[in-house]
Amino acid sequence: MVPMWMFPLAIATGNTFVLKPSEKDPSASYRLAELASEAGLPQGVLNVVQGDKVAVDRILEHPDVEAVSFVGSTPIAKYIQLRAVEHGKRVQALGGAKNHMLVLPDADLDFAADQAINAAYGSAGERCMAVSVVVAVGDTGDELVAKIAERAGSLRIGPGNDPASEMGPLITREHRDKVASYVASAAAQGAEVVVDGTGFTVDGHEDGFFLGVSLLDKVPLTADAYKDEIFGPVLVVVRAESYDEAITLINSSRWGNGTAIFTRDGGAARRFQMEVKAGMVGVNVPIPVPVGYHSFGGWKDSLFGDLHVYGNDGIAFYTQGKVITTRWPDPADGGINLGFPSNS
């Protein structure tokens, strides 16, 4: 999905494109290039280069590369921006996220619980637009957490080639273990572990990188599970006494990728849209990924660069402006004038 936000626009605006995917999942990029070739794209327009940091650094330094688009973690996004700018390139580097979902007391809690499950645990939580924090306002917390926990227990976790599986494994064993460590540390740092998925295994796949879903309630803002981007199937719930407390909490986050509010109150929704500091906002929509003709991108540590991905911003990123001033002079237009030329 992410490269498709980039290379079609780059090619449509007259550029060639080098796609360097994560070394952890290289095959999908080859398939995209194969499909482009089958569709008639000339050879050399879309290029796939595999590799790790060595390949990345060469792209950032190469004089023929004029612009760099990136999606990944915040530390790497900062590095990409710094190195690209050092070499005179324009850059859009999308970083990490800690997307908050605000639930007001008037919200439909069954609907909110369904959407929290979908947004937190889809793709095993390994997507930048996942909801990783639910902010429950007032007395909604206990009932909402109970509803989420009930739904979490019925999720079917298994291999991706089983049609019954709703959630698959994590990308590596190391990442699985890192995600699991946040559940243990949260308990030690004062959170309540409502659902613990760290001991989960799949029959016949005991050596797989599977992890059950976890739900943490009453998480202190000082806990690592709240402060860090976990990027896994761990949903954090924090409590707030009021809307004002909740919006202050959300806006204090170092990230501002996406956010959502669940409410029946149109006035509260309008206020949230204006006051929240995030690039993409959903109203009763937990993953507010815009439709294709809008741009995609966050604020704060979720985006480095001046332009978002896709939409009008994407077109602007892959193009350079040019101004042409012409005159077809009449013989009477001669003479000396040391002032600025005019168009009259």
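All figures in this text were calculated on a predicted structure; none of them were measured in a lab. (Residues numbered from 1 in each chain as written. Predicted model: local features only at pLDDT ≥ 70, side-chain atom pairs only at ≥ 80, totals over all residues. Heavy atoms only, no water.)

## Quick look at the sheet that holds strand β4 (residues 90-94)
As a general point, the strands of a sheet are linked pairwise by backbone hydrogen bonds and lie either parallel or antiparallel.
Move 1: With respect to topology, 3 strands assemble into an open sheet ordered β3-β4-β14, the strand pairing being mixed. For this open sheet the edge positions go to β3 (67-71) and β14 (303-304), each flanked by a neighbour on one side alone.
Move 2: In this structure, β3 lies alongside β4, joined through 5 bridges in parallel fashion. Across the sheet, residue A67 finds its bridge partner in β4, namely R90. (Pairing = 2+ DSSP bridges. Helix = DSSP H or I, 4+ residues; strand = E, 2+ residues; numbered from the N terminus.)

## Examining empty space enclosed by the protein
Move 1: Under the criterion given, the structure shown has 2 cavities of 30 Å³ or more.
Move 2: In this structure, the largest cavity spans a volume of roughly 130 Å³.
Move 3: Along its surface, the largest cavity is lined by 16 residues, and G125, A130, S132, E229 and F231 are the ones closest to its centre.
Move 4: Its residues assigned to classes, the lining of the largest cavity comprises 8 nonpolar, 4 polar and 4 charged.
Move 5: Taken as a whole, the second largest cavity encloses approximately 70 Å³ of empty space.
Move 6: K98, H100, W255, G256 and G258 are the residues nearest the centre of the second largest cavity, which is lined by 13 residues in total.
Move 7: Put simply, the parts of the chain that give the lining of the second largest cavity at least two residues each are β5 (99-103), β10 (255-256) and β11 (258-262).
Move 8: Across the lining of the second largest cavity, the residue classes break down as 3 nonpolar, 7 polar and 3 charged. (1 Å grid on protein atoms, 1.4 Å probe; cavity = no way out; pocket = protein on both sides within 12 Å on 5 of 7 lines; lining within 4 Å. Points joined across faces, edges and corners; volume = space filled by probe spheres on them. Nonpolar A, V, L, I, M, F, W, Y, C, P; charged D, E, K, R; others polar.)

So, to be careful, I would describe these as geometric facts and stop short of saying anything about function.
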